[in-house]
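For reference, the chains in residue letters:
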Amino acid sequence: MSSRVCGRTPVSLPPSRASGAGGHRSGLPEVTSFTGPIALARRTPQHDRMTSSIHKLLLPFNLAGLCTLSAVALSLRWIAPEAAVLGWATLAAFTLAFLLYDIARLRDTWAGHALLVLMPLLALLLLWLTPRSGSSQVLLVVWTAAAAMAWPLRWAAVAVLLADAAAYLILLRQGHFSPLTVTLMYLGFQAFAALIAHYATSAERTRDALARVNADLLATRALLADGARDSERVRVARELHDVLGHKLTAMTLNLRALGNDPALAGRKELHVAQRMSQELLGDIRGVVQSLRDSCGLDLATALHALAAPLPRPRLQLDIADDVHVTDPVLAETVLRIVQEALTNSARHADADTVRVALSMRDGALQVRVEDDGRLRGALSEGNGIAGMRERVAALGGSLAFAANAHGALRIDASLPA
């Protein structure tokens, strides 16, 4: 009767509802839904990169671009023999730049922006080399869709107008029968592609933002549910101690008084009742103590809920047995540290795995977070890291950033428990 009671029952989702980065399973319901697999099966880093590359290649945007490039390749049959080698090389370079931009995860990097600048130049060169094919300008439509996904719509519009002006001058110089008509026609296709790409990107960003908010709500709700359960256990323990304990004590004293009566001293039933009342009082005290012994807030469920919407990085969680967090403010600080680390690893470090370790040392909770990505240049502290520092400082703790042996970011936080 004196065993520790935590009041938690592990819950696992059936395979059809399992979700989360790296295959996390949680008993928390999902509010948002996601299309496609959340995480791919991982066996080795090489397998992971190959599977991810094939998956990206089969995305609708890339398939549509490859079909368009194939049509342009077929049109090169009419290219002049003296320009054939340069024409095929130009198309191959454009195709390589198009595939590298998305598959090699170069989006939002300097290399990715450089490829976006290179692609229209290659398309215009191919237009110069193939004045009679009539299909080279379609490469600008493919590039426009990619540019609208990466650049602000205003910048993309200016770049498209400059590229079309150059295409018009090339057609005019080559003596095309109607350069303005062709240029305006392709400009309409480009505008349509840009708007579709822009709205698709906006919808994706909105979905990701809703997923992060949903994960934040689920994690916070997990902590609130744990706090409510702890409060209820304390209330029940107090009622048991104050009501049952008081009455059992009074009954034990009355039985003892009856035992002192010479007329009842020899009755066996009286001795049995005295023994049972004492044992019952001891059991009640054991139950009260076990209810008051809190196992702490369930940080594991809350942290897995934070990582669930992210396709990558995958969360690896290691919580020592002696970690028992009962302070909601401390638990929320841990959540925010891990949340910011997951976001930074996904956006800036191109990491596949984030390892989070929680342990106790000298009365303080030690939080270590590191990923397997690589820092790109010097660490710049934005609003997220500034907020992390403020939360840790409010608790009187310390926060340190360093690069691990593989060049990835490591976060070490010490929080007074």
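Above this note sits the structure.
Attention in this report is confined to the structure presented alongside it.

Cut-offs applied
Residues numbered from 1 in each chain as written. Predicted model: local features only at pLDDT ≥ 70, side-chain atom pairs only at ≥ 80, totals over all residues. Heavy atoms only, no water. Helix = DSSP H or I, 4+ residues; strand = E, 2+ residues; numbered from the N terminus. Buried < 20%, exposed > 50% of the residue type's maximum accessible area, 1.4 Å probe, protein only. Contact = heavy atoms within 4.5 Å. Areas by Shrake-Rupley, 256 points an atom, 1.4 Å probe, with all protein chains shown as cover. Patch = residues over 30% accessible without salt bridge, like charges linked within 9 Å, V, L, I, M, F, W, Y side chains within 5 Å. Salt bridge = Lys/Arg side-chain N within 4 Å of Asp/Glu carboxyl O. Axes fitted to C-alpha atoms, helices over the stretch in contact; angles between N-to-C directions. Parallel < 35°, antiparallel > 145°, perpendicular 65-115°, else oblique. Nonpolar A, V, L, I, M, F, W, Y, C, P; charged D, E, K, R; others polar. Phe/Tyr/Trp six-rings, centres within 6.5 Å; stacked < 30°, edge-to-face > 60°.

1. Thoughts on the overall build of the protein chain
Across its full length, the protein chain holds 11 helices and 5 strands. Evaluated residue by residue, the protein chain yields a buried proportion of 39% over its 417 residues. Residue pairs at least 24 apart in sequence account for 69% of intrachain contacts in the protein chain once pairs closer than 6 positions are excluded. Per element, the accessible surface of the protein chain, about 23200 Å² overall, is 62% carbon and sulfur.

2. Considering a nonpolar patch on the surface
There is a patch of nonpolar side chains on the surface, built from Leu86, Leu125 and Trp128 and spanning about 280 Å² of accessible area. Mapped onto the elements, Leu86 comes out in helix α3 (residues 84-103).

3. Looking at the side chain of Thr90
Here Thr90 lies in helix α3. By relative accessible area, Thr90 is classed as buried at 3%. Setting aside residues up to four positions removed in sequence, Thr90 forms contacts with Leu122, Leu125, Leu126 and Leu129.

4. Let's talk about the pattern of salt bridges
Enumeration over the complete set of coordinates arrives at 4 salt bridges. Among the charged side chains, a network of salt bridges with common partners joins Arg368, Arg410 and Asp412.

5. Re the packing of helix α4 (residues 110-129) against helix α5 (residues 138-150)
If you want to describe how two helices pack, look at the angle between their axes and the distance between the axes. Direction vectors running N to C along α4 and α5 enclose 170°, while the axes themselves pass 9 Å from each other. Looking at the two axes, α4 sits roughly antiparallel to α5. Counting all contacts with α4, which are made through Leu116, Met119, Pro120, Ala123, Leu124 and Leu126, the residues of α5 involved are Leu139, Leu140, Trp143, Ala146, Ala147 and Ala150. Partitioning the contact of α4 with α5 into residue classes produces 12 nonpolar, no polar and no charged.

6. So, unusual backbone geometry
Its identity as a non-glycine residue notwithstanding, Asp362 has a phi of 55°, on the positive side. With respect to the helices and strands, the residue Asp362 is situated in the loop between β2 (353-361) and β3 (364-371).

7. Let's talk about the environment of Val354
Tracing the backbone through its elements, the reader meets Val354 in strand β2. When the C-alpha positions of Val354 and Leu315 are compared, they lie 5.1 Å apart, and in sequence the two are 39 residues distant. For Val354, the contacting residues outside a window of four places in its chain are Pro313, Arg314, Leu315, Gln316, Leu342, Ser345, Val369, Glu370 and Asp371.

8. A look at the packing of aromatic side chains
This model, assessed by the stated rule, comprises 1 aromatic pair. With centroids separated by 6.0 Å and ring planes inclined at 85°, the aromatic side chains of Tyr186 and Phe189 adopt a geometry described as edge-to-face. Highlighted residues: Tyr186 and Phe189, both in helix α7 (residues 179-259), separated by 3 residues, approximately one helical turn. The exposure class of Tyr186 is buried, given its relative accessible area of 10%.

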